[in-house]
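Here's the letter readout for the chains.
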Amino acid sequence: MSKHKGKHNYATKEILDSLNTSALDGEKFLQKYAKPIGIFFAIVIIAVLGYVIYDNYVVTPKNIEASDLLVDAQNLYDEGKIDQALGGKSSGVSGFIDIAEEYGSTKAGKFAHLYAGIAEFKKGNYQNALDHFNQFDTSDKDLKAVKYGAIADTYAELNNTDEALNYMTKAANESSNAATVYQFSKKAGILAMSLNQNEKALEFFQNIKDKFPDVDASGEVDAYIERLKYATGKQ
């Protein structure tokens, strides 16, 4: 027992000595770098405080303001007043373009790019639409899928079927929602068929059939699969 106790005491003494040495080293370190450390923590505190102030008194009010304007622009779009909904310097209305430019750092400002792209697409201004879609930024997978799908549709209108298929594939792979996966995969399959990439098209339709068998009530997917199996000799 005493032997074990002696070892225990020795180990304890080593730990205490080590802590005392560390404490002394720490004191010397603080004495040497007290001023720089103080400045560093002051900078951190100021930065955090600045973020809180900015978030509560600048970002949040801007978000609210941008959201209100976005709703107004959406209402104009729903009424068929697309030019007014888009806005712009000549319109005199704060539409999607203005919201995107002035409130680009807010969520509503980012969504304004998506809406502006949709409005420009509807007007047939496909390059403008593409520019706005590319500027829409989101971390949400389903919204990102919508963005890719919109870009794909725009490239299709610009007769760039290769890029259309590329982005529609991204849309189908990004989405986690059965309905959107179905839509994007079907579009990707049709685009692949237009490029005579029948095996790739078959993969898209077969993926719908395997993962979401209940989505296609019309039997359209089955019809495409049979047609493509025949075309590729896999029937």
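Residues numbered from 1 in each chain as written. Predicted model: local features only at pLDDT ≥ 70, side-chain atom pairs only at ≥ 80, totals over all residues. Heavy atoms only, no water.

1. As for a negative patch on the surface
Working step 1: Taken together, Glu 65, Asp 68, Asp 72 and Glu 102 make up a surface patch of like negative charges.
Working step 2: The class of Asp 72 is partly exposed, set by a relative accessible area of 45%. (Patch = residues over 30% accessible without salt bridge, like charges linked within 9 Å, V, L, I, M, F, W, Y side chains within 5 Å. Areas by Shrake-Rupley, 256 points an atom, 1.4 Å probe, with all protein chains shown as cover. Salt bridge = Lys/Arg side-chain N within 4 Å of Asp/Glu carboxyl O. Lys, Arg positive; Asp, Glu negative; His and termini not counted. Charge placed at Lys NZ, Arg CZ, Asp CG, Glu CD. Buried < 20%, exposed > 50% of the residue type's maximum accessible area, 1.4 Å probe, protein only.)

2. Observations concerning unusual backbone geometry
Working step 1: Not every positive phi belongs to a glycine, and Asn 159 is a case in point at roughly 60°.
Working step 2: With respect to the secondary-structure elements, Asn 159 resides in the loop between helix H6 (141-157) and helix H7 (161-174).
Working step 3: Phi is positive for Asn 196, close to 60°, though the residue is something other than glycine.
Working step 4: Within the secondary structure layout, Asn 196 lies in the loop between helix H8 (178-194) and helix H9 (198-211). (Helix = DSSP H or I, 4+ residues; strand = E, 2+ residues; numbered from the N terminus.)

3. Notes on the side chain of Glu 120
Working step 1: With respect to the helices and strands, Glu 120 occurs in helix H4 (residues 107-123).
Working step 2: The buried charged residue Glu 120 lacks any salt bridge, with Lys 123 as its nearest oppositely charged partner at 4.9 Å.

4. Observations concerning H4
Working step 1: With 17 residues, H4 should cover 24 Å at 1.5 Å per step; its first-to-last C-alpha distance of 25 Å lies within 8% of that length.
Working step 2: Listed as buried for H4 are Ala 108, Gly 109, Ala 112, His 113, Leu 114, Ala 116, Gly 117, Ala 119 and Glu 120.
Working step 3: Two residues or fewer past H4, Gly 124 is found with a positive phi of approximately 90°. (Expected span 1.5 Å × (residues − 1).)

5. Notes on the environment of Ala 119
Working step 1: Looking at the element boundaries, Ala 119 is found in helix H4.
Working step 2: Spatially, the C-alpha atom of Ala 119 lies 8.2 Å from that of Asp 83, the residues being 36 residues apart in sequence.
Working step 3: Once residues within four sequence positions are removed from consideration, Ala 119 is found in contact with Tyr 77, Ile 82, Leu 86 and Phe 96. (Contact = heavy atoms within 4.5 Å.)

6. Thoughts on the packing of H8 against helix H10 (residues 220-232)
Working step 1: Where H8 contacts H10, the two axes come as close as 12 Å, and the packing angle between them is 30°. By the criterion of interaxial angle, the relationship of H8 to H10 is roughly parallel. Helix-helix and strand crossings are classified by hand; for H8 and H10 the assignment is left-handed. For the pair H8 and H10, the contacting residues are Tyr 182, Lys 186, Ile 190 and Met 193 in the first and Glu 220, Val 221, Tyr 224, Arg 227 and Leu 228 in the second.
Working step 2: Residues of the contact of H8 with H10, tallied by class, amount to six nonpolar, no polar and three charged. (Axes fitted to C-alpha atoms, helices over the stretch in contact; angles between N-to-C directions. Parallel < 35°, antiparallel > 145°, perpendicular 65-115°, else oblique. Left-handed = near helix turned anticlockwise from the far one by under 90°. Nonpolar A, V, L, I, M, F, W, Y, C, P; charged D, E, K, R; others polar.)

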